[in-house]
Amino acid sequence: MSEQNLPLPGHPHIAYRDNTLYVEGVALPALAREHGTPLFVYSKQWMLDALAAYQRGFEGRDALVCYAIKANSSLGILRVFAEAGCGFDIVSGGELARVLAAGADPAKVIFSGVGKTRAEMRQALAAGIACFNVESEAEIDVLNAVALAEGRRAAISVRINPNVDPKTHPYISTGLKGNKFGIAHDRAVAIYQHAASLAGLQVVGIDCHIGSQITEAEPYLEALERVLDLVEAIEKAGIPLHHLDFGGGLGIDYNGDTPPAADALWQRLLARLDARGFGRRRLIVEPGRSLVGNAGLCVTEVLYTKPGEEKNFCIVDAAMNDLPRPAMYQAFHRIAPVVSRQGGQALTYDVVGPVCESGDWLGRDRALDVQAGDLLAVLSAGAYSMAMASNYNTRGRAAELLVSGDRATLIRRRETIEDQLRSERLGD
Ligand SMILES: Cc1ncc(COP(=O)(O)O)c(C=O)c1O
Ligand SMILES: N[C@@H](CCCC[NH3+])C(=O)O
């Protein structure tokens with residue numbers, strides 16, 4: 001099957017009409033003409049549908065979906081989730097400032113991450129966030145001291161490392177013994193006892209996040225059992241836990257992947273929670289990728305085609321600084337023509353960017369019928385693309401558009417060279 005005939009993962013919100021690719025009701029060629037390329041375009045409805053799958057899964061339960069904004073922290077995206085009533089999972093003071101700027105309710109914000117600074121702790125305490133997910137004994141002591149100095153009590157969950165293999169790329173697994181995240185399972189009760197004895201802290205929950213782009217239910221089920229074993233042990237030690245946070249990590253379809261739908265996954269997890277008597281406990285989840293990943297694509301223009309000695313290259317104006325996942329994880333993103341040619345001759349290309357690195361590729365061995373000036377769409381680019389974009393090679397970051405029905409709204413203008421030079425000085 002040629003690339004352009006593959007079913008598009010954003011369907012029905014990202015689909016061809018008369019051979020032209022649309023995001024909801026908006027045709028991509030007109031957007032590219034108006035805003036230039038590379039250009040990220042997101043479907044608002046896709047995000048709301050993805051959120052609705054979690055909400056369906058939790059119907060009748062006490063649950064809070066905290067969007068993990070590291071996946072895509074653009075203000076226009078955060079606003080969609082804030083208006084839909086979501087909470088947010090943040091990992092820095094910068095992310096806290098972003099969610100507040102987007103209108104988030106601080107009482108629905110949780111703060112994860114292994115390296116929170118004292119300044120970030122003060123900032124989050126002053127904002128009145130719901131909970132810190134602490135990741136080490138050392139952090140517990142520092143947070144306690146900061147809270148006491150500020151005359152406050154910090155609500156905490158401790159992140160447990162359940163030592164479960166999420167069967168994902170090694171760089172994005174987080175719940176194995178060898179990963180830097182969380183505290184060891186067998187130290188958990190003692191650490192909870194210590195935390196509960198500190199006047200600056202209020203123990204409210206337990207947290208676990210085992211990795212990202214997880215495409216099976218089993219690692220979640222395994223982690224759940226281990227977390228619940230610990231909840232029983234911690235509560236037996238006299239420390240009640242108000243909420244259970246199972247993190248994020250649910251995968252999306254990049255290349256025919258078939259992760260469970262959020263509601264189907266939670267049906268299975270809730271059945272286990274019910275069976276073990278925890279089904280009425282407050283639940284928190286921290287999905288990132290599964291709420292935005294397939295809502296977005298990146299439109300790029302073909303600059304040159306070039307036959308190489310061993311390969312043909314399709315050189316486009318998007319690069320590893322815009323879409324770092326292929327370079328970082330050898331990740332696969334579908335690449336589809338924005339206007340598909342009928343009956344042409346496809347050649348096999350490596351789709352590469354202009355950055356001076358051999359690792360600057362977006363897709364390898366792709367069958368494409370293209371020529372200079374054509375537009376391509378790099379799909380599944382809603383998560384961990386713009387959020388990880390850089391200025392490498394002094395390339396300005398791309399513009400972003402949010403589409404809702406027939407309307408496209410610019411949510412980030414293209415970065416200019418003036419933007420990039422503004423914070424720099426020539427020196428003495
Ligand atoms: C603590 C924490 N929560 C949530 C997420 C979101 O993960 P994902 O985008 O895979 O749902 C991450 C990233 O993996 C994370 O580190
Ligand atoms: N950046 C990774 C996911 C990391 C998740 C962060 N905890 C990716 O693109 O797949």
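- Going by an unreviewed UniProt entry, the protein carries the name Diaminopimelate decarboxylase and comes from Variovorax defluvii.
- Check the Sequence similarities (unreviewed entry) section of the UniProt entry for the protein; it says "Belongs to the Orn/Lys/Arg decarboxylase class-II family. LysA subfamily."

1. Side note on the side chain of D89
Part 1 of the argument: Residue placement: D89 occurs in strand β6 (residues 87–90).
Part 2 of the argument: Of the polar contacts made by the side chain of D89, one reaches the side chain of S112; its length is 2.6 Å.
Part 3 of the argument: Every residue in contact with D89, bar those within four places of it in the chain, is listed here: C66, Y67, A68, I69, K70, E95, I110, S112 and E286.

2. Some points on the layout of surface pockets
Part 1 of the argument: In this structure, the second largest pocket spans a volume of roughly 400 Å³.
Part 2 of the argument: Lining the second largest pocket are 24 residues, and of these W46, A50, A261, A262 and S290 sit closest to its centre.
Part 3 of the argument: Put simply, the parts of the chain that give the lining of the second largest pocket at least two residues each are α2 (44–57) and α9 (262–275).
Part 4 of the argument: Residue contributions to the lining of the second largest pocket peak at six residues, all from α2.
Part 5 of the argument: Split by domain, the residues of the lining of the second largest pocket number at least three in each of domain 1 (3–43 + 293–421) and domain 2 (112–287).

3. Description of the pattern of salt bridges
Part 1 of the argument: This model, assessed by the stated rule, comprises 25 salt bridges.
Part 2 of the argument: Residues E232 and R276 are paired through a salt bridge, measuring 3.2 Å at the closest nitrogen-oxygen approach. Taken together, the positions of E232 in helix α8 (residues 218–236) and R276 in the loop between α9 and β13 (282–285) put the pair 44 residues apart, joining distant regions of the chain.
Part 3 of the argument: With relative accessibility at 38%, the residue E232 sits in the partly exposed group.

4. A word on α2
An α-helix turns once per 3.6 residues; consequently, residues spaced three or four apart project the same way.
Part 1 of the argument: Here α2 spans 20 Å end to end across 14 residues, near enough to the 20 Å set by a 1.5 Å rise per residue.
Part 2 of the argument: Within α2, the full set of buried residues consists of W46, M47, A50, L51, A53, Y54 and G57. Each buried residue of α2 sits inside an arc of 145° when the element is viewed along its axis, so together they form one side.
Part 3 of the argument: Two to three positions downstream of the cap, the backbone nitrogen of Q45 sits 3.4 Å from a side-chain oxygen, assigning the N-cap of α2 to S43.

5. A word on the environment of V189
Part 1 of the argument: Looking at the secondary structure, you find V189 in helix α7 (residues 188–196).
Part 2 of the argument: Take V189: its relative accessible area is 25%, and that puts it in the partly exposed class.
Part 3 of the argument: Placed 48 residues apart in sequence, V189 and A237 show a C-alpha to C-alpha distance of 7.7 Å.
Part 4 of the argument: What V189 contacts, discounting residues up to four positions off in sequence, is A233, I234 and A237.

6. Details of unusual backbone geometry
Part 1 of the argument: Looking along the chain, the bond that leaves T37 and enters P38 is cis, with omega of -5°.
Part 2 of the argument: Note that P38 resides in the loop between α1 (28–35) and β4 (39–43).
Part 3 of the argument: Positive phi outside glycine occurs at N19, with the angle close to 70°.
Part 4 of the argument: Residue placement: N19 occurs in the loop between β1 (14–17) and β2 (20–23).

7. So, the packing of helix α4 (residues 93–101) against helix α5 (residues 118–127)
Part 1 of the argument: At a closest axis distance of 9 Å, the pairing of α4 and α5 adopts a crossing angle of 25°. Here α5 runs roughly parallel to α4, going by the angle between their axes. Seen from above, α4 lies across α5 with left-handed handedness. Mapping the contact onto sequence places G93, L96, A97 and L100 in α4 and E120, Q123, A124 and A127 in α5.
Part 2 of the argument: Tallied by class, the residues present in the contact of α4 with α5 amount to five nonpolar, two polar and one charged.

8. Quick look at the sheet that holds strand β3 (residues 26–27)
Part 1 of the argument: Pairing in this open sheet of three strands is antiparallel, and the strands run β1-β2-β3 from one edge to the other. The sheet terminates laterally at β1 and β3, the two strands that pair on one side only.
Part 2 of the argument: Sheet topology places β1 next to β2; four bridges connect them, and they run antiparallel. Counted as the bridge partner of I14 is V23 from β2.

9. Quick word on α8
Part 1 of the argument: Counted at 1.5 Å a residue, the expected span for α8 with its 19 residues is 27 Å, and the 27 Å between its end C-alpha atoms agrees.
Part 2 of the argument: Residues of α8 that are buried include every one of P219, Y220, L221, A223, L224, V227, L228, L230, V231 and I234, and no others.
Part 3 of the argument: A positive backbone phi angle near 90° is found at G238, which sits one or two residues after α8.

The rules behind each value
Residues numbered from 1 in each chain as written. Chains lettered and ligands numbered in written order. Predicted model: local features only at pLDDT ≥ 70, side-chain atom pairs only at ≥ 80, totals over all residues. Heavy atoms only, no water. UniProt positions renumbered as here; feature names shortened; annotations may be inferred. Helix = DSSP H or I, 4+ residues; strand = E, 2+ residues; numbered from the N terminus. Polar contact = N/O pair within 3.5 Å; in protein donor to acceptor, adjacent residues only side chain to side chain. Contact = heavy atoms within 4.5 Å. 1 Å grid on protein atoms, 1.4 Å probe; cavity = no way out; pocket = protein on both sides within 12 Å on 5 of 7 lines; lining within 4 Å. Points joined across faces, edges and corners; volume = space filled by probe spheres on them. Domains from an automatic or database assignment. Salt bridge = Lys/Arg side-chain N within 4 Å of Asp/Glu carboxyl O. Buried < 20%, exposed > 50% of the residue type's maximum accessible area, 1.4 Å probe, protein only. Expected span 1.5 Å × (residues − 1). Arc of directions from axis to C-beta. Axes fitted to C-alpha atoms, helices over the stretch in contact; angles between N-to-C directions. Parallel < 35°, antiparallel > 145°, perpendicular 65-115°, else oblique. Left-handed = near helix turned anticlockwise from the far one by under 90°. Nonpolar A, V, L, I, M, F, W, Y, C, P; charged D, E, K, R; others polar. Pairing = 2+ DSSP bridges.

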